[in-house]
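Secondary and tertiary structure notes
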Amino acid sequence: EGRTWTTKSYSAKKDKYQGSQTFKVLSVKKVDDKLLATVNLISTDKKDEEVFNKDITFECENGVVDMDISSMIPAEMIESLESMDMKVEMDRLSIPQKLKVGQKLDDGSITMTMEGPVNITMGFNIKDRKVEGLETVNVPAGEFESFKITYITEFKGMGSRETKSVEYIAKGIGMVRSESYNKKGELDFYSVLVSYTK
């Protein structure tokens, strides 16, 4: 409880600052055989103005952590859909506490259906998740030995598109760097850990 960490996001083109994400663990409690953590997430835009403030939940059972995948919905999308009657269906995204190179991880998905004169369905699938390697990663918060996890994000809605993503997970810390690549295989966006408290 009380632990905090902050990441900052950039456009790969000219390393242009896009905003920050600050997490704070509000509570950790044991329910039956699970550990439940409530974490506050505050996102800011490129002007460091708050655009998103939400509590998300993490569950840990038998060494596997499940995350509320709705936290991955972009804040601007949530703002534009707030006035609509929306139904959300999702799979929680899991990650084992003990990772090893070559390991395959579970997929996740979220589907949003907006009901109105015309029903609109949109969402995304996170698939082909695997641990590709173990690398030393340098970020503003320090140097970390990290597991490299790759996956494909498939967006569905008005048309569809796929992006490749890479996350670097350090033991005892969590994600220290993430990268998103466009369909040409070029780095599009990235985020890095800039500070944390133990």
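Refer to the structure printed above.
Residues numbered from 1 in each chain as written. Predicted model: local features only at pLDDT ≥ 70, side-chain atom pairs only at ≥ 80, totals over all residues. Heavy atoms only, no water.

**Some thoughts on the overall build of the chain**
Worth spelling out the cut-off: Secondary structure elements follow DSSP: runs of H or I no shorter than four residues count as helices, runs of E no shorter than two count as strands, and numbering proceeds from the N terminus. The buried label applies to any residue whose accessible area, calculated with a 1.4 Å probe on protein chains only, is under 20% of its type's maximum; exposed applies above 50%, and partly exposed to all values in between. The contact criterion used is simple: two residues touch if any of their non-hydrogen atoms lie within 4.5 Å. Values of accessible area rely on a 1.4 Å probe in the Shrake-Rupley scheme; residue burial ignores everything except the protein chains shown.
Of the regular secondary structure elements, the chain holds 1 helix and 13 strands. Written out in order from the N terminus, the α and β elements of the chain read β-β-β-β-β-α-β-β-β-β-β-β-β-β. Along the three orthogonal principal directions, the C-alpha set of the chain runs to about 50 × 50 × 35 Å. When the 198 residues of the chain are sorted by exposure, 38% land in the buried category. Pairs at least 24 apart in sequence give 42% of the contacts found in the chain among residues at least 6 apart. In the structure as shown, the chain presents an accessible area of about 12000 Å², 48% of it carried by carbon and sulfur atoms.

**Here's the deal with the packing of aromatic side chains**
Stated precisely, the cut-off is as follows: Between the rings of Phe, Tyr and Trp (Trp by its six-membered ring), a pair exists once the centres lie within 6.5 Å; its type follows the angle of the planes, with under 30 degrees stacked, over 60 edge-to-face, and the other angles tilted. Think of it as a cone above the ring: NZ of Lys or CZ of Arg counts as a charge over the ring if it is within 6 Å of the ring centre and within 35 degrees of the ring normal.
By the definition in use, this model includes 5 aromatic pairs. In textbook terms, an aromatic cluster arises when at least three aromatic residues are bridged by ring pairs, as seen for Y10, Y17 and Y190. Taking the ring centre of F155 as reference, the NZ or CZ of R161 above it sits at 4.5 Å.

**Points about the side chain of S94**
Its place among the elements puts S94 in strand β7 (residues 93-96). Among residues more than four places away in sequence, those in contact with S94 are V64, V65, D66, D106 and R129.

**Notes on the environment of S20**
Selection rule: Nitrogen and oxygen atoms within 3.5 Å of one another constitute a polar contact, given that in protein one can donate a hydrogen and the other can accept it, and given that sequence-neighbouring residues count only through two side-chain atoms.
Among the structural elements, S20 can be located in strand β2 (residues 16-31). When the C-alpha atoms of S20 and L93 are compared, they prove to be 22 Å apart, with 73 residues separating the residues in sequence. Here the side chain of S20 touches T44 through a polar contact of 2.7 Å, side chain to side chain.

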